[in-house]
Amino acid sequence: MRVIAGRARSLRLKTPGGQETRPTTDRIKETLFNMIQGEIPGCIFVDLFAGSGGIGIEAISRGADHAYFVENDKVAAACIQDNLSFTKFQDQATLLKQDVFSALFTIHEKEVDIIFLDPPYESGLEKELFSLLGRQPYITENTLLIMEAKLKTDFSFVKDAGFSVIREKNYKTNKHVFLKKDTR
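Residues numbered from 1 in each chain as written. Predicted model: local features only at pLDDT ≥ 70, side-chain atom pairs only at ≥ 80, totals over all residues. Heavy atoms only, no water.

(A) Main features of unusual backbone geometry. In this model, Phe-49 sits at a positive phi of 55 degrees, which is unusual for a non-glycine residue. In this structure, Lys-88 takes a positive phi of about 65 degrees despite not being glycine. Secondary-structure assignment places Lys-88 in the loop between helix H3 (74–87) and strand E3 (93–96). For Lys-88, a relative accessible area of 67% gives the class exposed. (Helix = DSSP H or I, 4+ residues; strand = E, 2+ residues; numbered from the N terminus. Buried < 20%, exposed > 50% of the residue type's maximum accessible area, 1.4 Å probe, protein only.)

See below:
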């Protein structure tokens, strides 16, 4: 896995061993960031279920002002720390070594611009997670949420939490779902 573009372009990142994490492939990461490149410069980015930190590091490399990395697994959190040191992005990053549900209350920003969510597939965390996200003051109608999910995942539940799906990008086995907070 490597950084696709920006200041850390072509640097190879570590990935945690084992089956606990599922790093986003370089090809899918490149497609995703090509779609959101205009939103990245100067943004506050949050990488939930961060794994190796590759998504948040890509955001910093492409011009994000700051990225939060939320990861509960000790091995994965150590991997993120190593990758941040290797890319020299420690000053633009906050690593929260805790579960996502607790971490959402430790982010103290006026507004977060982009939140990337990649929970374990079929974990059942999605409904509770979006319910909690809908109540965070730093998530506004301007915040873009992007969730990586299995291809057949139904997102009708987000309406109850106050979000709308604005776009989907399908790949062979998974997809990225782009969401915004409803303004009504």
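(B) Geometry of the packing of helix H1 (residues 26–36) against helix H2 (residues 54–61). Look at H1 against H2: their axes get within 11 Å of each other, and the N-to-C directions meet at 45 degrees. As judged from the angle between their axes, H1 and H2 are oblique. Once H1 is placed against H2, the crossing between them reads as right-handed. For the pair H1 and H2, contact is made by Lys-29, Leu-32 and Phe-33 and by Gly-54, Ile-55, Glu-58 and Ala-59, respectively. Across the contact of H1 with H2, the residue classes tally to 4 nonpolar, 1 polar and 2 charged. (Axes fitted to C-alpha atoms, helices over the stretch in contact; angles between N-to-C directions. Parallel < 35°, antiparallel > 145°, perpendicular 65-115°, else oblique. Left-handed = near helix turned anticlockwise from the far one by under 90°. Contact = heavy atoms within 4.5 Å. Nonpolar A, V, L, I, M, F, W, Y, C, P; charged D, E, K, R; others polar.)

(C) Broad picture of the nonpolar core. Formed by 31 residues in total, the largest nonpolar core has its most connected members in Leu-48, Ile-115, Leu-117, Phe-130, Leu-133, Leu-145 and Phe-163. Those elements that provide at least two residues to this core are strand E1 (44–48), strand E2 (66–70), helix H4 (100–103), strand E4 (114–117), helix H5 (126–133), strand E5 (144–150) and strand E7 (174–181). Per-element accounting of this core gives the leading share, 4 residues, to H5. With near-sequence residues (within four places) excluded, Phe-163 lies in contact with Phe-130, Leu-133, Gly-134, Ile-139, Leu-145, Val-158, Leu-179, Lys-180, Lys-181 and Asp-182. One finds Val-3, Phe-45, Ala-64 and Phe-69 within the second-largest nonpolar core, a separate group that totals 27 residues. (Core = buried A, V, L, I, M, F, W, Y, C linked by side-chain atoms within 4.5 Å.)

(D) Structural context of the pattern of salt bridges. Throughout the structure, instances matching the rule amount to 4 salt bridges. With a closest N to O distance of 3.1 Å, Asp-82 and Lys-14 form a salt bridge. Within this pair, whereas Asp-82 is found in helix H3, its partner Lys-14 is found in the segment before H1, the two being separated by 68 residues in sequence. With a relative accessible area of 47%, Lys-14 lands in the partly exposed category. Salt-bridge contacts for Glu-58 lead to Lys-29; the nearest nitrogen and oxygen are separated by 3.9 Å. Of the two residues, Glu-58 sits in helix H2 while Lys-29 sits in helix H1, which places them 29 residues apart along the sequence. Judged on exposure class, the residue Glu-58 and its partner Lys-29 are both buried. Taken together, the shared-partner salt bridges in this structure form one network comprising Lys-29, Glu-58 and Arg-62. (Salt bridge = Lys/Arg side-chain N within 4 Å of Asp/Glu carboxyl O.)

(E) Structural view of the packing of aromatic side chains. Summed over all chains, the structure comprises 4 aromatic pairs. Centre to centre, the rings of Phe-33 and Phe-45 are 6.4 Å apart; their planes meet at 25 degrees, and the pair counts as stacked. Of this pair, Phe-33 sits in helix H1 while Phe-45 sits in strand E1, and the two are 12 residues apart along the sequence. We note that Phe-33, like Phe-45, is buried. Here the aromatic rings of Phe-130 and Phe-163 are separated by 5.5 Å at their centres, their planes lie at 80 degrees, and the arrangement is edge-to-face. Note that Phe-130 is positioned in helix H5 and Phe-163 in strand E6 (residues 163–170), a separation of 33 residues in sequence. A relative accessible area of 0% places Phe-130 in the buried class. Every member of this aromatic cluster is reached through a ring pair, and the members are Phe-130, Phe-155, Phe-157 and Phe-163. The ring of Phe-178 has Arg-167 sitting right over it, with the charged end atom 5.9 Å from the ring centre. (Phe/Tyr/Trp six-rings, centres within 6.5 Å; stacked < 30°, edge-to-face > 60°. Lys NZ or Arg CZ within 6 Å of the ring centre and 35° of its normal.)

(F) Representation of the sheet that holds E6. One open sheet accounts for 7 strands, arranged E3-E2-E1-E4-E5-E7-E6; its pairing is mixed. A strand with exactly one partner marks an edge of an open sheet, and here the two such strands are E3 and E6. Between one strand axis and the next, the sheet turns through 15 degrees on average, direction left out of account. Bridge count for E1 against E4 is 4 bridges, and the pairing is parallel. Pairing of Leu-48 across the sheet is with Leu-117, part of E4. Taken strand by strand, H1 contacts E1, E4, E5, E6 and E7, and its axis lies near 25 degrees from that of E7. Across the face of the sheet, H3 comes into contact with E2 and E3 while running at roughly 165 degrees to E3. (Pairing = 2+ DSSP bridges.)

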